[in-house]
Amino acid sequence: MMRIIFPLLVGIAALFAGNAAAQGATLRSDAPDSHTVVKGDTLWGISGRFLNEPWRWPEVWRMNRDQIRNPHLIYPGQVILLDRSGPWLSVGRRIGGGTRDEKLQPQVYSEPLGEAVSTIPLQVIEPFLTKPLVVDQARIDGAATIVATETSRVLMGSGDTVFAKNVRDDVQVWQILRPTRPLEDPVTHKVVAYEANHLGTARVAEFGTPATLEIVSAVEEIEVGDLMVPSERPSVFAYAPHAPAQEIDGRVMSIYRGVTETGRLHVIALNIGERDGLERGHVVALHRNRGVAEFKGEDGKETFALPDKRYGLGVVFRVFDNVAYALVMESDGPVVIGDMARKP
């Protein structure tokens, strides 16, 4: 696929001067003169070699939107150059394609789209982009339900036939799931939704009451009573990181795979979602409550609430009504259930 490669992400206008400095995008003191893009690089990681806060590169990029149409069209082999007289960054020719002294111009290359550099590691979040991760009570109540199997078998797999009720006649392909672990708000202690265990997909062979469906794929055994929801179109995460427009007050509600703490490049669920203004690409700052301290002095015992500690950043990549999933990108300590998520 033909792709036009434009000068990069942060590469761009003066990082110290004018609006860039005001917005907080500042150059690292140990920023290299150049970086050669390699397979596995992300825009967050590349930016981190040059900027103190790598998630701020879109703020600088927007200052030059006429030149930087799409910073995701950057490929392995290209060289990111730092000109300290500005300073600014730009994308040079790929290795073996010219010299640093050549005047940089937009270039046309033929590249598979899948090789383009992504914002964050897609291999980590890919399973979360296409599966129904969360179901609330309303979605459970409105779901179709498998009521019988053709051969009265208890467990079903790919190629088997099942019968289901409440199958809408405008939906051909369905996701099969089983609600599992309840997601409990760490503040109110109320169950706000259920994490869904994705079992497979089914295609309608004949509409009716009940409808007849063939199981197209199965990642786990399927049984009578399992739920079905309309299949979602595959989603590609290609969002530039940005801070929420408003203040947010969220908590880490759960950690994927049910562990009690986690760290960098792991998935967490927050107790806030679309209704709170969250959207994909939002960056959240992770804070930990340090608790209280008691001091015994001449005037008696005093109690002090210690300030919260900001210890990490996460990027929201999937949002539901009252739940959001984020990938931890930076952390100098463990992420624990109950930690706070705020506007950075």
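Residues numbered from 1 in each chain as written. Predicted model: local features only at pLDDT ≥ 70, side-chain atom pairs only at ≥ 80, totals over all residues. Heavy atoms only, no water.

- As recorded in an unreviewed UniProt entry, the protein goes by the name LysM peptidoglycan-binding domain-containing protein, listed as coming from Thauera sinica.

1. As for the overall build of the protein
- Along the backbone of the protein there are five helices and 22 strands.
- Among the 344 residues that make up the protein, the fraction classed as buried is 44%.
- Residue pairs in contact within the protein that sit at least 24 positions apart in sequence constitute 69% of those at least 6 positions apart.
- Accessible area for the protein stands at about 17300 Å²; split by element, carbon and sulfur atoms hold 50% of it. (Helix = DSSP H or I, 4+ residues; strand = E, 2+ residues; numbered from the N terminus. Buried < 20%, exposed > 50% of the residue type's maximum accessible area, 1.4 Å probe, protein only. Contact = heavy atoms within 4.5 Å. Areas by Shrake-Rupley, 256 points an atom, 1.4 Å probe, with all protein chains shown as cover.)

2. Section: helix H2 (residues 43–50)
- Summarising burial for H2: six of the eight residues are buried, a large majority.
- When we look at burial in H2, the residues that qualify are Leu43, Trp44, Ile46, Ser47, Gly48 and Phe50.

3. Quick word on the sheet that holds strand S16 (residues 283–288)
- With antiparallel pairing, six strands are arranged side by side around a closed barrel as S13-S15-S20-S19-S16-S22. The average angle at which neighbouring strand axes cross in this sheet is 45 degrees, direction not considered. (Pairing = 2+ DSSP bridges. Axes fitted to C-alpha atoms, helices over the stretch in contact; angles between N-to-C directions.)

4. Observations regarding the nonpolar core
- With 25 residues, the main nonpolar core has Trp44, Ile120, Val134, Leu183, Phe317, Val323 and Tyr325 as its most contacted residues.
- Put simply, the parts of the chain that give this core at least two residues each are helix H4 (122–130), strand S10 (191–206), strand S15 (267–270), S16, strand S19 (309–319) and strand S20 (324–331).
- Leaving out residues up to four positions away in the same chain, Val323 has contacts with Val134, Leu183, Val192, Ala193, Met253, Ala269, Leu270, Ile272 and Gly273. (Core = buried A, V, L, I, M, F, W, Y, C linked by side-chain atoms within 4.5 Å.)

5. A closer look at the side chain of Thr149
- Structurally, Thr149 can be placed in strand S7 (residues 144–149).
- Those residues in contact with Thr149, other than ones at most four positions away along the chain, are Met156, Thr161, Val162, Phe163 and Val224.

6. Comments concerning the packing of aromatic side chains
- Tallied over the full model, the rule gives one aromatic pair.
- Ring geometry for Phe320 against Tyr325: centres 6.4 Å apart, planes inclined by 75 degrees, an arrangement best described as edge-to-face.
- Across from the ring centre of Tyr311, 4.1 Å away, lies the NZ or CZ of Arg288, which sits over that ring. (Phe/Tyr/Trp six-rings, centres within 6.5 Å; stacked < 30°, edge-to-face > 60°. Lys NZ or Arg CZ within 6 Å of the ring centre and 35° of its normal.)

7. Focus on the pattern of salt bridges
- Per the counting criterion, the structure on display carries nine salt bridges.
- Of the charged contacts in the structure, one is a salt bridge between Arg168 and Asp170, with a shortest N-O distance of 3.0 Å.
- Salt-bridge contacts for Arg181 lead to Glu195; the nearest nitrogen and oxygen are separated by 3.0 Å. Separated by 14 residues along the polypeptide, Arg181 in strand S9 (residues 173–184) and Glu195 in strand S10 bring together distant segments of the chain.
- Note on Arg181: relative accessible area 30%, which makes it partly exposed.
- The buried category is assigned to Glu195, whose relative accessible area is 10%.
- One continuous salt-bridge network, built from bridges that share partners, spans Glu53, Arg56 and Arg310. (Salt bridge = Lys/Arg side-chain N within 4 Å of Asp/Glu carboxyl O.)

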